[in-house]
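Below, each chain spelled out in residue letters.
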Amino acid sequence: MNINNWLKNNTYHHSNFEDIKELIEEKEKQGLTISLCIPTLNEEKTIGKEVVMFKSELMNRYPLLDEIAVIDSGSEDKTLEIAASFGADTYLASEILPDLEPMRGKGENLWKAIYQLKGDIIVYIDADIKNIHPRFVYGMVGPLIKRPEVKYVKAFYDRPLAFSDSIRPSGGGRVTEILTRPLFSLFFPDLTAIIQPLSGEYAVRREVLESIPFPIGYGVETSHLLDVYQKYGMSAFAQTDLDQRVHRNQTTRALGKMSFGILQTFLNRLVQYGILQKFDELPTVFRQFQVKDEIFETVEFNIPEAERPPMNTIPEYKKRKRGK
Amino acid sequence: MNTSCQEILDRLPEYEKAVEELKETLLTNLIMLSEIPAPTFEEQDRNRFLLNRFTEYNLQNCSSDEKGNALGIIPGKSRDSNILVVAHLDTIYPSNVDHTITVEPDKVIGPGVGDNGLGLATLATLPIILEKLGIEFESNLILMGSSRSLGNGDIEGLRFFMENFKNPVTAGICLEGVKLGRLSYSSIGMLRGEIKYEVPEEYDWTRFSSVGAIVNMNEMINKLLEIPLPLKPKTSFILGSISGGTSYNKNPMKASLRFEVRSESEEMVENLAVRIQSLAEEMTSMTGANVRFLEIARRKPGGTQFSHPLNKVSRDILENLDVTPRLSPSTSELSAFIDKDIPALTIGLTDGERLGEIDEMINIEPMKKGIAQLIALLQAVDKGYCSEYK
């Protein structure tokens, strides 16, 4: 595949879809329904604004969304109360498919959304975005509504405030540039064209979501890209520039944990695809160091990357789908 | 109270309910408008947002004029008179300030949410609230986001409109986010000025008492404060901001002082202007530096009387909403109406705290009363209950 061609044809800017009325007409013509899922864990500071804005702009004013749901991992703050007060449907992840062994992590919420939500398209948006705007939704569902062959749309953020040269570097955060893109370059060069593979914002067709497994931790975004690529190739992807995203910055140590989780998922996929030979089970303990009274000591974190199977293999889901 | 006006007062709960039902739209407009930076003279992006909303709600003559005012008209049935509803577009915050707004169940927090994000959000939402209530007016309702209002802007946008709009305006209503209950129907005399102290490059620092701009500015301030101010007419000085110098150990070359004189008497304002000018000249001759007095803005005192029907009806409306009216003079947009002898009022829309600070906060719950007040007031003006010669 010619990466530059793919970039040219499958990379959008949110302003390409700002005619929301036109999107709605097309959506209705195709009989599509769209659900928004916001996975949360202690997000009381930003959740109110996200819900009120999407509800008012994209349900009341323009009926682009059919459902706004907050799926929570067990917040100890007022996240769910605030979300409900502004009109979102709120769920505790542990109460969806309660008979399954409980797991805790963002990927769990995303996976359970497939069961709980009704839409033909599910839009996932993180709850910690400070500068939330309707473009976060219409920018990502636009390519899915306009191009039937596109199945998975990923967000990226690129907004240079000032740049003197005509060429400027563009890319993702620290983990993307130091870990993910080097790994993609080695094993899946086509996927390097996804500018921000780890962004938490994407819109996906149900038929795709229900057919791929979900790691419940840090590896969920990476595994999605790998699995969808293996199954459908690059033509299934598109990406949209949503300009700027203002959110909490993570410490380098936190990114270390994230990289550890991603690496586990990546290596497991390499084995599954037969690219690497099967190796003994990898350890799940990640080590970092700290100094206390001039003495160095290790700090250990257990980061297992457990995985949920494709939703279309879960009996309750099959039953619910048949019932439809 | 006239029976028909009582009819308007009786509908206040219905107005509150309609606003409550459109709360999400109001809050979204509030967030989106407040997150667009709009320092005075750079209001274009907010202007565009407001015009998009006006256009979408099918207002007529949606346009931006040469001063950057955003205008839209809800046409009246008879169309022979006009009511102007104004909220200023600009804020005191520069563009590089983080304009992120936070929403909690009962409050909204962020720079400029009260001054004047909520005023603008009310303008942007008013057409659909009126549509929901099925309210139509006889008069045209002109909705205006006014530009260049604050500081050096000196209400330039609204003044421009009032100079160039050729049709009669029955009344003006100025919207301010905070504080619910506020009724300003008179303007006090005001002079806004800046004193700039600049030491010339070729200045002789060996000269006796060459101490730089800050010490001399200090002396200037002492002289300003020595000016006797009368108790009647009430007159006051506000020294609002001071700046000068660049480091710890260099004699400062420049200093500047911003201040405002307020007085019930126009003559007193003029006397003080003459006095400050002569003080600046005196300092120039004493120090050899260039001391200039710049007049940034001046407003005439005036307005309507306490007993004017517009004011009386406004108080009745607030009392029916269980809100205590708080009467205070204003130096804001109101004076552009006063200059044209048009009855006008500034009203507040909700309660808030920390006005003018980055974490300015306004309460959500009282907004419905604030906007119900506006709708009732517009109806009362439209039906002629606020005119002196009905």
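Residues numbered from 1 in each chain as written. Chains lettered and ligands numbered in written order. Predicted model: local features only at pLDDT ≥ 70, side-chain atom pairs only at ≥ 80, totals over all residues. Heavy atoms only, no water.

### Here we look at the overall build of chain B
On a plain count of helices and strands, chain B comes out with 11 helices and 18 strands. Taken over the C-alpha atoms alone, chain B extends approximately 75 × 45 × 40 Å along its principal axes. Residue burial in chain B is summarised as follows: out of 390 residues, 56% are buried. Of the contacts formed within chain B by residues at least 6 apart in sequence, a portion of 79% connects residues at least 24 apart. Charged side chains in chain B number 40 positive and 56 negative. The centres of these two groups are separated by 2 Å. (Helix = DSSP H or I, 4+ residues; strand = E, 2+ residues; numbered from the N terminus. Buried < 20%, exposed > 50% of the residue type's maximum accessible area, 1.4 Å probe, protein only. Contact = heavy atoms within 4.5 Å. Lys, Arg positive; Asp, Glu negative; His and termini not counted. Charge placed at Lys NZ, Arg CZ, Asp CG, Glu CD.)

### With respect to the domain arrangement of chain B
A common way to express how large an interface is: the accessible area buried when the components associate. Residues and elements named next belong to chain B. Split into domains, chain B comes out as domain 1 (3-187 + 301-382) and domain 2 (189-299). Between the C-alpha centres of domain 1 and domain 2 the distance comes to 36 Å. Contact with domain 1, which involves 11 residues of that partner, is made by 13 residues of domain 2. Taken together, the two surfaces of domain 1 and domain 2 that pack against each other cover about 810 Å², and 47% of this comes from carbon and sulfur. Among the residues of domain 1 in contact with domain 2, D154, P301 and T331 are the three that bury the most area, contributing 62% of the side total. Summed over the shared surface of domain 1 and domain 2, the result is one salt bridge. The interface formed by domain 1 and domain 2 contains two residue pairs in polar contact (both at pLDDT 80 or more). By residue class, the composition of the side of domain 1 that touches domain 2 is three nonpolar, six polar and two charged. (Domains from an automatic or database assignment. Buried area = accessible area lost by both parts, 1.4 Å probe. Salt bridge = Lys/Arg side-chain N within 4 Å of Asp/Glu carboxyl O. Polar contact = N/O pair within 3.5 Å; in protein donor to acceptor, adjacent residues only side chain to side chain. Nonpolar A, V, L, I, M, F, W, Y, C, P; charged D, E, K, R; others polar.)

### Notes on the pattern of salt bridges
Should their charged atoms come close, side chains of opposite charge can pair. All names here are of chain A. Under the criterion given, the structure shown has 45 salt bridges over all chains. Residues E26 and K29 are paired through a salt bridge, measuring 3.5 Å at the closest nitrogen-oxygen approach. Within this pair, E26 and its partner K29 are both found in helix α2 (residues 20-30), separated by three residues, close to a single helical turn. We classify E26 as partly exposed; its relative accessible area is 29%.

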